[in-house]
Every structure is written in structure tokens, then in C-alpha cells.
Amino acid sequence: IFSLITLGYKKPLEREDLFEINDSDSSYVVYPIFEKQWRKEVLRNQERQKVKASFCKEACTRKPSLLYALWNTFKSALIQVALFRVFADILFFTSPLIMKQMIIFCEHSSDFGWIGYGYAVALFVVVFLQTLILQQYQRFNTLTSAKIKTAVIGLIYKKSLLLSNVSRKKFSTGQIINLMSADAQQLMDFTANLNLLWSGPFQILMAIYLLWQELGSAVLAGVAVLVFVIPINALAATRVKNDIKLILYIWKIEILKLYAWEPFYQNKIIEIRDEELEFQKSARYLTVFSRLALTCIPFLVSLVTFRVYFLLDEENILTATKVFTSMSLFNILRIPLFELPQVISTVVQTRISLDRLEDFLNDEELLPQNIETNYIGDHAIGFTNASFSWDKTGIPVLKDLNIKIPEGALVAVVGPVGSGKSSVLSAILGEMEKLTGVVQRKGSVAYVSQQAWIQNCVLQENILFGSVMQKQFYERVLEACALLPDLEQLPNGDQTEIGERGVNISGGQKHRVSLARAVYSGADIYLLDDPLSAVDVHVGKQLFEKVIGSLGLLKDKTRILVTNNLTLLPQMDLIVVMESGRVAHMGTYQELISKTKSLTNLLEVFSEQEKGKDTMKNKLGYNMPTHFESPLIVKFSIILKYLQSFNWLWVWLVLVTYLGQNLTSIGQNLWLSAWAREAKHMNEFTEWKQIRSYKLNIYGLLGLIQGLFVCSGAYVVTKGSLTASRTMYAQLLNNVLHLPLQFFETTPIGQIVSRFTKDMFVIDTRFHYYFRMWMNCTLDVVGTVLVIAGALPLFILGIIPLVFFYFSIQRYYMASSRQIRRLAGASRSPIISHLSETLSGVSTIRAFGHEHRFIQQNKEVVNENLVCFYNNVISNRWLSVRLEFLGNIMVFFAALLAVLAGNSIDSAIVGLSISYALNITHSLNFWVKQACEIESNAVSIERVCEYENMDKEAPWIMSRRPPLQWPNKGIVEFINYQARYRDDLGLALQDITFKTREEEKIGIVGRTGAGKSTLSNCLFRIVERSGGKIIIDGIDISTIGLHDLRGKLNIIPQDPVLFSGTLQMNLDPLNNCSDSELWEVLELCHLKEFVQSLPEKLLHKISEGGENLSVGQRQLVCLARALLRKTKILILDEATASIDFKTDSLVQTTIRKEFSDCTILTIAHRLHSIIDADRVLVLDSGRIMEFEAPQNLIDQKGLFFEMATEAGITPDSRTKK
């Protein structure tokens, strides 16, 4: 380890510099052993239940015990740790006994000889041995607890891959992440403190036994005080927990900005935050009591014990031996008394965590037997009288399915919104609960989900998805999936790092990468959930021809395509028409056309349409920014920032109260020392009796004053830290909400959420605690050195070189520790990121059958964290051994000076100096620990403050405000307008000049990357101008505040964003509308019938991201939201992308009717939706190419004519067909 510390002092450490852990301690070994024990426990439990069931008729259920499985796996390591603790505790009590012998030796110095030196050496040997054994205990203990956490994380991860849909409803992504981060950590903390459960009582009993030897039965009075105070203190400790979870709307920031809702949600978050701080306030006032009890218990116990000692026998006298041996034992008592309530609190929390973990681990899993995968027959997929539900007791979502799909067939599944199209694919994958019937599936499966799932890794890895690279085939896949032009634009081609949730590629690209992954896998069956809905018309055409269709790469495979694009139906081998969860019609295109009227009607209305969208937002110009953890170098300015938020008045009061409590503590010990010295020189016992009560009363008074200082100090710290928490949170929230949208698109959401959760948690609970302890420790160490130097002036000569060594070791260590902590911190987040990524793509992972590979990846990221953690632990032990050795030398030095002084020094002074010297080892070690904690935790303050200096968007409100009725005409004018996404990128829009008329309907079209969405972003000033201006009804929008602008515009965005909460809150978050108005818009959006069928109607709970509604229903809710917010200008950004043609037609009619008096700018996806626009704006490479009425553009046979021909709209194309 010395080589690692030296290396870290010379240069910043990297991952490869760290020591690897033993194979037996790695996650690759630990997890499989534990999983085996857990499986045994599950089987044992099943046996127990069977036996119980045979005896008692009522069902007596008991869950398999996680604790029992952990004990069976790690018992030998836990026993080894306990043995180290026993030896350490025994040595702990040896030093006061040697000190007692030294005081006796000094009182009878006529016996002087080598025996005094023997005691000094014995004291040094005992404290040194104690150091070595305690450090071994700490090392084994920490490693064992980390292995337990590793094992539990592995089990949680595997379980999350197997959960059924019912279980997924019970456990949201956030809850599962919480199990892995908080509950697994809780188990680790419990294991680390496990030995204190018996060690604490053992130390208390040992101390009481040794005190009995000194003070006899008087010690029982002290025990009575302990018995009274410990439970109250434990109660306070168990109450200091917080369960209020802060709701974060950062995920939905785009919608907040577009609708100018930031102030409303800011106030809402601050309200929740205030509730949280109120809870914290009451919890912290309980800690005031806890602090008081901790500081005053040794004093109270000693006061009561000495008082009773005098009352028991008039002739009892306090000698130096009795005083300092007792005080030393009382001080030892303080540690278990401080730790026991915390351990009790940990036990309570661990019980809750274990319950949560057992509930999760024992919850329902998907049943593989739902589907016959080993079927050998002539069809690839078969349903026989099959009904499915999302949970066993729920209403069937799919009813009486009878479908046989031949091998190599191309099948379309069509139907209106919510008819069960996507559910059919889920049923084939085994993701649903089978209620009745038989499902058969032959061969391997590849799946493309409706909302593309992209991994946070290199683009090539996303496509290969664990398969071996076959260069030729890979190139063919890229070409067929139309990805080659994109790779040319990406900075590093297919080696470009794709950000979290694919933030740096467009929606269409995500779908094409997802399709390429499926194609490359070479599966037998392809389940494609509407992959063409998010791409341009010409791209969609290419994907169908080159990948899905009869001449595509998958021509020999079985393909099931869910689609709303009815123009593809003639090319299908089989068409399944779904209605309300049943197969309404099934057959070939010709059979259905002749049989069914509804399909014919649909085809008549929509046969010429095809949708397309692939807005790139010009994101292609840059790579994902890499976010490194800040190096842990604490600047004084950061501490100063915290103290400013803390309030300087509270800072000075904290200093005064802490100085006061340390001075009174020293005063108490000096008073006892003086008292013992006087008692020794008194000639008459009556003289001793006269001053006894007076001396004891002064001792009690000093204790009372100390208690008051402790209480005041804890109260002041609570007030100041709450002020700091409130101020820093409000500043952080305000800064984040004022950041431009581009920041959120290029920054992992996890990082921003981490500022509000992990970093604010450090500021709320940890930082002030470490700062307070460090200050207390500093005063303690200074006081100790002054007391010893006052008693033994020569001690100063020894302390100077020791202090020099001490700070040298500390400085040497801090450099390496900082780097190791940074690496450990950076290795934690991949564990959570990998889990959340897995949970969002779990159906894709299961469909491809890649569970084992992802479990292996989980072991890798966990093992990386374990390596960094272990290096951190052993570097801490390296420091502790050296610091405690220096402390041990100080003890030896004080003892040696006492022996050398011989007759010239009083035994009371010897007792005082040695008892203080014994404390200094612990204090010095603790001081360095707190300094390290302050340094690493101050980084959280730095991170929270970093948003202050970032570029913000324009002010929300400016001095110039538009009239209340603005805009009253809805005339939008662009004059020589230019815009770019970043200064180092080219122009996204160039010389845009056009003007709309009053209440005009404008269609905006263009191929991929033409700048369609950029245009709408510029209207909302999401992207600021690089030149030119936009004028709305005579006002230049750059001269007014963002909220005055955005509040007067209306948009139905591309992605249907819903918040978790009620349907009513999603429709009308500001609570401006009546229920009747809400029902009215729901009717206009064709959602009224659906909402009325829900048990809670408008109060229906929308789950995370709107997962319990279909994508089409989510888009209709967003339309309803826009209808409630009537403004003069409406932007439709691909607003009906996931809706079937029939609903789309109805929605378009609603928009035309309800917004007839508005200016509407429609970014086109299906060209039929803008064919009846007044004028169409055609963009290409950020420039206006054409701007005319649609019919004129078709006549001109320009760019629009080409696009319309591809979509099958013009008379020419009809003739061709």
C-alpha cells in the first residue's frame, strides 16, 4: 500500500494503479455463492410451507429469509471479525489498569526502580497492540460488509430482469434503484456495526465491573442513570430518519419551458422542500437531546456515583487513583453509549430494508411456461383460444386469440388506438399473464419496441448487442437501415458515444439503430412495434424495401409488424385487424378488402398517406460531453460559500458555544485533579468532609454549564444548517430552471438529479455534522496538548517533532486518498446507470435472451466499485496505523516523563496527563477522518454551486412587457433570421424570411435535418438568434421576457410528456379550469369514453412517464392540454405520430374547428395533414426552398412535388399505382 500512497503523492492515480482484490472477494465469486444459498433458502421455505399446510388448514405464509441466506454464506468471515473485536475490547480495558498502577507507583515513589519504566513500556505495548488488532478488525469488517452489499446487489439485479408485469407495477424504476442504492447500503452499514450489538454491552459491563473494584456498590447509582438515559437516547436516534421523497420535474423540463410553467413547479418543489426541512428540523432537535446525553452521560454517571460513594460511607475519600481510573473508565463508557443508540437505529432501519428487499425478491416472476418455445411444427407462432391480462386477476386485455403465423410470413397487426396491437407482441414475448389457451413459438426472437431503447455506449455496440462483429454483414445492415449518411455526420462515425437515453441522436435515428440491432441479431422471428412511425417518408420506404419487405434482408424470416401505415397492407402475407383486444378480422389483403367494409373505408380515406419524421435538431454536429467527477480538491472559497449560507451570526455563536463546552470539560478534570491533590495533603478527615460537598457541587455546576453550552451549540448548528440547506437548495433550483434547454439535452439527467438528491443530502445531513465534529476535535486536541504541557512542561519538546511527523503523514496520505475517493465515487454511478438502463429496456433484453450477458455486465461494474472501495479501505488503515502509532508514542512520552519526574510530581498530575494522553490517540485519528470527510463532502457544495456560473437563458420577465391582449392577430414574421445550436456549430437556419397572414394555416415540411423543429424552437426562443429577428404582431420577440412570449404561444410537442400524478393535474397543472371544461376537451379529443370507463375518472393516477396509457392516448392527452390553453398561435410538432389514421382524421378535424381563429404552424409528418393548409413552407438544409399554396407547389413540380409523389399524394403517383 505504501507504493500506492507514494504514487498518489507524485501524480493523480488512475484505475490501473489500484490493487486488484483477491478472487475470493470479487463479485464474480461472491454473488454465485450467495445466490446458491438464497435458492436453498427458497426451497427450504417451500418445504416448511408444505409441512405447515399439512398441519394447519389456514394458509400460514412465511417468506424466505434473506438474513438467514446471508448468515449461511458469510458466517465464517463474520465469526473471524467478531474474534478480532473481542481481543481489541480486552486490550481497551488494559490501559486504564496500567495507568492505575502508574498512579499508585507515583504515590509510593519510595519503591522507585525499574518498575516505573516497565509500566511505561507495558502501556506503550498494550496501546500499540490494540492499534494493530483494531485496524485488522476494521479491515476485515469493512470488506465483509462490502461483500454482503455486492451479493445483495447481484440478487436485486437478476430479480429485476425476471419481474412480471404485476411486480413492475408494484416496484417503479425509482423504487428498484432505491433498493440497490439505499437498502443494500443499509445492509452494509448494519454488518459494519453488527459487532457493536454485543461489543457495546460487553464494554459497558467491563467498565462497570472495573468501576465496582474502585468505588464499590456506588457504581450501581451510575448504572441506574445509564439505564434511564440510554433508551431515551436510542429513541431519539431511531426518530432521526427522513421518509419524505422530493418530486423532481427535471425529467420533463422541455414541457415546463415550452409552457412557461417553471414558476408554478418551482413553488411546488419549494413547498415539498419546506415540508422536508420541517421534518428535518424536528429530527435535528432530537439530535440536540442526543448530543446533550452523549456529552453529559459520563459526567452525570460520575457525579451520581461520587455522591453515592460519599453517602455510603462517611470515611470514603477520593484519591488520585480512584479519580483518574474512574474517569478513564467513564470516558471509555462514552464510546459504546454513543454507538449503541446509532446501532439500535441501524437495526430498526435494517429491519425495514430487509422487509422491502424480501418483498421484492419474493415477488412474482414471469412464467417461462406461459409459452411453448420448444414447439416443433409448421407454423412459427400460434395462439389457440388464448386470453391475456397484465395481471392474473385483471380484466383480459387480449381475448380468445386464434392466430397461426406460418414460418417466413410477413404479418401486419393494425387497429385503432388502444385496440391491443402492441399487446399482441407482448403476448408473443411472454411479457403478459396468460389466462387461458396455448401459445407456441418456434426459434429465437428479435424485438423492436415502440419507444426505441438505446444503451449509453458506442453506436457500434448498440447494434452488435453482444454479437461477434462480421464486417460484411454489419455494413449491409447499416446500409439497409439507412444509417450510413448519419454515420458520416456523427463526429466519430459508429464509434460515437451515444448519451443517456440516446440524447445526442434524433428520434428517427434511435428507431433505425434499434431496427439495425434486431436485424444484426439474425433471429428467426422479428417483432416490430411500429418502427416506421418515427422516420421520414423516403426513409420509411427504404426500410420497408431493404429490411422488412419481400426483397429485404429479412425476407426469409417471420416478421410481425404493428403499423398504422395502411399503404403497406397490400404487400403483407397476412393482416390481423385488432379491435378492443380481439381479432376483428384476419386474412390476406384481398380477402379483407372483399369481406370488410371498415378496412375499405379506411383505405379509401388514407391509402395515399404515409408518415415521416426524423428531426435531427442539428444534434449531429457534436459528441456527447463526457462528465468527469470533479477532483476532490477543496477550496476555501467553497467552505466560505457554505458559511455565508449558514449565516455569519450562527457561525460565531457556534464557535463560542463549542469553545465554552471544551473549556468547561477541561475545567471539570482540573477541578477533580486539584481536589484529589488537596485530599492527599489534608491532615484531618473532618477537614476533608467540610470541603467535600462544596467541591462536588462545583464539579456539578461545571457539568451543568457544559450541558448548557452543548445544548446551545447543537441548537445553533441546527438553525444555521437549516438556513444553509434552504438557501442552497433554492439557489440550485433557481439556477437549474434558468439553464437553456440545450444544457438538459447534453447533460445526463442522472447527473442533474444527483445534485438535488445525493449532493443536497450531503449538505442537509452530513457536511455540518463533519464540520462540527472537526471543530470540536480541533479544540479537544489543542486542549489536551495544553493540559499535558501544563502538567509536564517537557512534553512540549516531544510534541513538536510528533506534530511535524503527524502533518507530514497526513499531507502525504491526503493526496492519494483524494484520488482513490474520486475513483470510488466515479465507480458508483455506473452501477445505478446500468440498472436504470436495464429496467427501461428489460423487455428488449428478455426478448433477445441476453439476461446472462447483462448479469455479467452488472458483476463487472460492481467489481470495479469493489476494487476502488477496497483500495480506499486499506489506504485508510495505512493512515490509521501510522497516526495511532504517533499517538501511542505521545502516551509513552507522557508516561515516561511521569516516571522520570519521580517525587517532584504529584500523582494527581500523573493521572490527569496520562488519562488525557490515552484520549489523544482517538482524537487525532478522528480529527484526520473529519478533515478528509470535510474535503470530500465539500465537493457536493461545489457541484451545487457550479450552476451559478453557467450561461443562463434570457430573463423570464423583462421591463418591457407586451399588452395583455397580445398577440391578437397571430401574424408571425421572420426577417433574415439565422440560428445555430452552439457557437462552434454551423448555422441550423440561414436567412429565413417569411410572413404569415392573420389566422393562416401553414404547413412546414422538409427532409431529415432540414430545420423544421429548429424553426419552432426559435419561435419559443429555445434556440436564440444568431442574426435577424422574429416579429409577432408588431413586437420583436427578443425584446420581451421568455415567459411573456412562451405564455402566449401554444404547442403540441413531438414527444407526449406526462407527469406522474392525476389525469386532471396533467391536463391542467395550474388548476385554472373547471371539471366541465376538462370533460369538454376530453370529448373533443375522443378520450371522454375512455376516461369515463376508468374507476377514478379525472383522478385516475398516471404512472411514471404515462406508462399506463398507450402512446396514442398520451398524445391525445397532450392535445387536450393544448385545447385548454387557447392562444392565438399554435405549433403542432409531429403531434399525431402515434395515432391510427381514423383517430388522426378526427383529431385533425378537431384542430381545424377549435383553432379556426388561430395561426397554426404544423410541422408535417403525414403529408395529408398539411395538404389542405393555406400555404406550405418547404425547408432544406436550414433554408426556405419553397413557400406557396400546396396545389401551386405541386404544379411547380419542385421539392414539395417530389415529397408528395413519394407519399403517394399527387395525381401522377396515383396513375403510376
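It should be emphasised that the depicted structure is a prediction, and the values quoted were computed from it without experimental measurement.

**Overview of the overall build of the protein**
Inference 1: Scanning the protein from N- to C-terminus turns up 38 helices and 21 strands.
Inference 2: On the protein, roughly 49,400 Å² of surface is accessible, and the fraction owed to carbon and sulfur atoms is 58%.

**Some remarks on the sheet that holds strand β13 (residues 1025-1032)**
Remark on secondary structure: sheet strands pair via backbone hydrogen bonds, oriented parallel or antiparallel.
Inference 1: Pairing is antiparallel across the open sheet formed by 4 strands, whose spatial order is β11-β10-β13-β14. Looking at the sheet topology across the chains shown, the edges are occupied by β11 (989-995) and β14 (1035-1036).

**Re the nonpolar core**
Inference 1: Counting 111 residues, the largest nonpolar core has Y642, F974, L1015, L1019, I1030 and I1032 as its most contacted members.
Inference 2: In terms of residues, this core owes the most to one element, helix α22 (residues 685-737), which gives 9 residues.
Inference 3: Grouped together as the second largest cluster of nonpolar side chains are 95 residues, M99, I103, L215 and C932 included.

**Focus on the packing of helix α4 (residues 115-162) against helix α27 (residues 851-901)**
Inference 1: Axis separation between α4 and α27 bottoms out at 9 Å; the angle between their running directions is 165°. Classified by the angle their axes make, α4 and α27 are roughly antiparallel. Every pair of crossing elements has a handedness; the one defined by α4 and α27 is right-handed.
Inference 2: Its residues assigned to classes, the contact of α4 with α27 comprises 30 nonpolar, 10 polar and 5 charged.

**Some thoughts on the sheet that holds strand β2 (residues 398-406)**
Inference 1: In spatial order, the strands read β2-β1-β4; together these 3 strands make up an open sheet with antiparallel pairing. Each of the sheet's edge strands pairs with one partner strand only, and the pair in question is β2 and β4 (433-441). Averaged over all neighbouring strand pairs, the angle between strand axes comes to 0°, with direction disregarded.
Inference 2: Across 6 bridges, strand β1 (residues 379-389) lies against β2 in antiparallel orientation. Bridge assignment links I381 to a residue of β2, and that residue is I405.
Inference 3: Strands β1, β2 and β4 of the sheet are contacted by helix α12 (residues 421-429), whose axis makes an angle of about 110° with β1.

**Points about a nonpolar patch on the surface**
Inference 1: A cluster of nonpolar residues, Y68, W71, I79, L83 and F87, forms a patch on the protein surface that exposes about 530 Å² of accessible area.
Inference 2: Turning to its location among the elements, L83 is positioned in helix α3 (residues 66-107).

**Describing the side chain of R273**
Inference 1: Topologically, R273 is positioned in helix α10 (residues 262-312).
Inference 2: Judged by relative accessible area, which is 2%, R273 ranks as buried.
Inference 3: A polar side-chain atom of R273 sits 2.8 Å from a polar atom in the side chain of D764.

**Things to note about the packing of helix α1 (residues 2-10) against helix α25 (residues 795-840)**
Inference 1: It is at 8 Å that the axes of α1 and α25 come closest, and there the two elements cross at 85°. On the basis of the axis angle, α1 is roughly perpendicular to α25. Touching F2, L4, I5, T6, G8 and Y9 of α1 are R811, Y812, Y813, A815, S816 and I820, all from α25.
Inference 2: In terms of residue class, the contact of α1 with α25 is made up of 8 nonpolar, 3 polar and 1 charged.

**A short note on the packing of aromatic side chains**
Inference 1: Inspection of the entire model under this criterion finds 29 aromatic pairs.
Inference 2: Look at F124 and F128: their rings are 6.1 Å apart centre to centre, the planes differ by 5°, and that puts the pair in the stacked class. Of this pair, F124 and F128 both sit in helix α4, 4 residues apart, which is roughly one turn of that helix.
Inference 3: Plain terms: the ring middles of F124 and F885 are 6.0 Å apart, the flat faces sit at 65° to each other, and that makes the pair edge-to-face. On the criterion of sequence distance, the pair formed by F124 in helix α4 and F885 in helix α27 is long-range, its members being 761 residues apart.
Inference 4: One aromatic cluster is present, formed by Y642, F646, F767, F771, W774 and W927 through successive ring pairs.

**Regarding α12**
For an α-helix, the turn length of 3.6 residues means that residues three or four places apart are oriented alike.
Inference 1: The element α12 is extensively covered by neighbouring structure, given that 8 of its 9 residues are classed as buried.
Inference 2: Within α12, the full set of buried residues consists of K421, S423, V424, L425, S426, A427, I428 and L429.
Inference 3: Two residues or fewer past α12, G430 is found with a positive phi of approximately 85°.

**Some remarks on the pattern of salt bridges**
Inference 1: If you walk through the whole model with that rule in mind, you get 30 salt bridges.
Inference 2: Its salt-bridge partner being E431, residue R846 comes within 2.7 Å of it at the nearest N-O pair. Separated by 415 residues along the polypeptide, R846 in helix α26 (residues 842-848) and E431 in the loop between α12 and β4 bring together distant segments of the chain. Here R846 matches E431 in class, with each residue buried.
Inference 3: Between K471 and E475 there is a salt bridge whose closest N-O contact spans 3.6 Å.

Reading the values: rules and limits
Residues numbered from 1 in each chain as written. Predicted model: local features only at pLDDT ≥ 70, side-chain atom pairs only at ≥ 80, totals over all residues. Heavy atoms only, no water. Helix = DSSP H or I, 4+ residues; strand = E, 2+ residues; numbered from the N terminus. Areas by Shrake-Rupley, 256 points an atom, 1.4 Å probe, with all protein chains shown as cover. Pairing = 2+ DSSP bridges. Core = buried A, V, L, I, M, F, W, Y, C linked by side-chain atoms within 4.5 Å. Buried < 20%, exposed > 50% of the residue type's maximum accessible area, 1.4 Å probe, protein only. Axes fitted to C-alpha atoms, helices over the stretch in contact; angles between N-to-C directions. Parallel < 35°, antiparallel > 145°, perpendicular 65-115°, else oblique. Left-handed = near helix turned anticlockwise from the far one by under 90°. Nonpolar A, V, L, I, M, F, W, Y, C, P; charged D, E, K, R; others polar. Contact = heavy atoms within 4.5 Å. Patch = residues over 30% accessible without salt bridge, like charges linked within 9 Å, V, L, I, M, F, W, Y side chains within 5 Å. Salt bridge = Lys/Arg side-chain N within 4 Å of Asp/Glu carboxyl O. Polar contact = N/O pair within 3.5 Å; in protein donor to acceptor, adjacent residues only side chain to side chain. Phe/Tyr/Trp six-rings, centres within 6.5 Å; stacked < 30°, edge-to-face > 60°.

So, to be careful, I would describe these as geometric facts and stop short of saying anything about function.
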